[in-house]
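# Structure at a glance
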Amino acid sequence: MVIATVFLSIIGMSAGLVLGSHHETPRGPDDPTATYVPTEPVVSSVRCPPEMHVTARKLGYSATLNQVLKVRAADTGTTVWICSDEGGRLFYQANRGGYEKKWIEGETALFLANVVKDDDGYHATADDGNTFSVNDQRLEIVKNGVRESWKVTPE
């Protein structure tokens, strides 16, 4: 009886070790070997502005972009959209004067891909190194090392 118990214990431990060796540590988006499929944000069915789609297509992004966040900074009149494609990739679009004003990409408007989301909001970096962060309470831009911040209201 004791021998059978010891024998079964050894078999159980061996099986546990084998199964445990096949377990893989979950990987996050920063792991270059990981295949990461984001589960957030929950995307609305509200499409992002047509001008944003035009710019996205010019830059090689052909997917439909739906609104995740839309805010307006009253002090500057700037409207910012965070949008997502079907795969969960996030994009940043801002336009001085909001949707109602003239929309000229690179002058009054700014489109950025590869937006990152964290607990504090959405963050994008332009090719020139300037950074843009937004959430439902504030818009923050760091341009040439100078930080500016504005209160925003969701739209």
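See the structure shown above.
Computed from a predicted model, the values in this text were never measured in an experiment.

Rules used throughout
Starting afresh in each chain, residues are numbered from 1 along the sequence in its written order. Under the rules for a predicted model, residues below a pLDDT of 70 receive no local features and side-chain atom pairs below 80 are neither given nor counted, while totals for whole chains, interfaces and linings still include all residues. Derived side-chain values reflect all non-hydrogen atoms in the structure, with water molecules and hydrogen atoms excluded from consideration. Note on terminology: pairs of cysteine sulfur atoms within 2.5 Å are recorded as disulfides. Numbering goes from the N terminus for both helices and strands, where a helix is a DSSP run of H or I of at least four residues and a strand is a run of E of at least two. In the sections that follow, a salt bridge refers to a side-chain nitrogen of Lys or Arg positioned within 4 Å of a carboxyl oxygen of Asp or Glu. The cut-offs for exposure are 20% and 50% of the maximum accessible area for each residue type, with area from a 1.4 Å probe on protein chains only; residues under the lower value are buried, those over the upper are exposed, and the others partly exposed. Two residues form a contact once any of their heavy atoms are found within 4.5 Å. Each polar contact in these results corresponds to two N or O atoms within 3.5 Å; when the atoms are within protein, one needs to be able to donate a hydrogen and the other to accept it, and residues that are neighboring in sequence are counted only if both atoms are side-chain atoms.

### A few points about the state of the cysteines
As used here, a disulfide is simply a covalent bond connecting the sulfur atoms of two cysteines. According to the stated counting rule, one finds 1 disulfide in the structure shown. With a sulfur-sulfur separation of 1.6 Å, Cys-48 is cross-linked through a disulfide to Cys-83. The S-S bond linking Cys-48 to Cys-83 shows a torsion near -100 degrees; that makes this disulfide left-handed. Pair noted here: Cys-48 is in the loop between helix H1 (2-21) and helix H2 (50-58) and Cys-83 is in strand E2 (residues 78-84), with a separation of 35 residues, a long-range link.

### Here's the deal with the pattern of salt bridges
Going through the model one piece at a time under the given rule, you end up with 4 salt bridges. Of the charged contacts, one joins Asp-120 and Arg-138 as a salt bridge, the two residues approaching to 2.6 Å between their closest N and O atoms. With a gap of 18 residues between them, Asp-120 in the loop between strand E5 (116-118) and strand E6 (121-125) and Arg-138 in strand E8 (residues 138-143) connect regions that are remote in the sequence. For Arg-147, the salt bridge identified is with Glu-140, shortest N-O distance 2.5 Å. We classify Arg-147 as exposed; its relative accessible area is 57%. Owing to a relative accessible area of 17%, Glu-140 belongs among the buried residues under this scheme. Linked by salt bridges that have partners in common, Lys-70, Arg-72 and Glu-155 make up one network.

### Some words on the environment of Thr-108
Structurally, the position occupied by Thr-108 is in the loop between strand E3 (90-96) and strand E4 (109-112). Other than its neighbours up to four places away in sequence, Thr-108 contacts Ala-94, Asn-95, Arg-96, Lys-102 and Trp-103. Within the structure, Thr-108 has its side chain in polar contact with the backbone nitrogen of Ile-104 (distance 2.9 Å).

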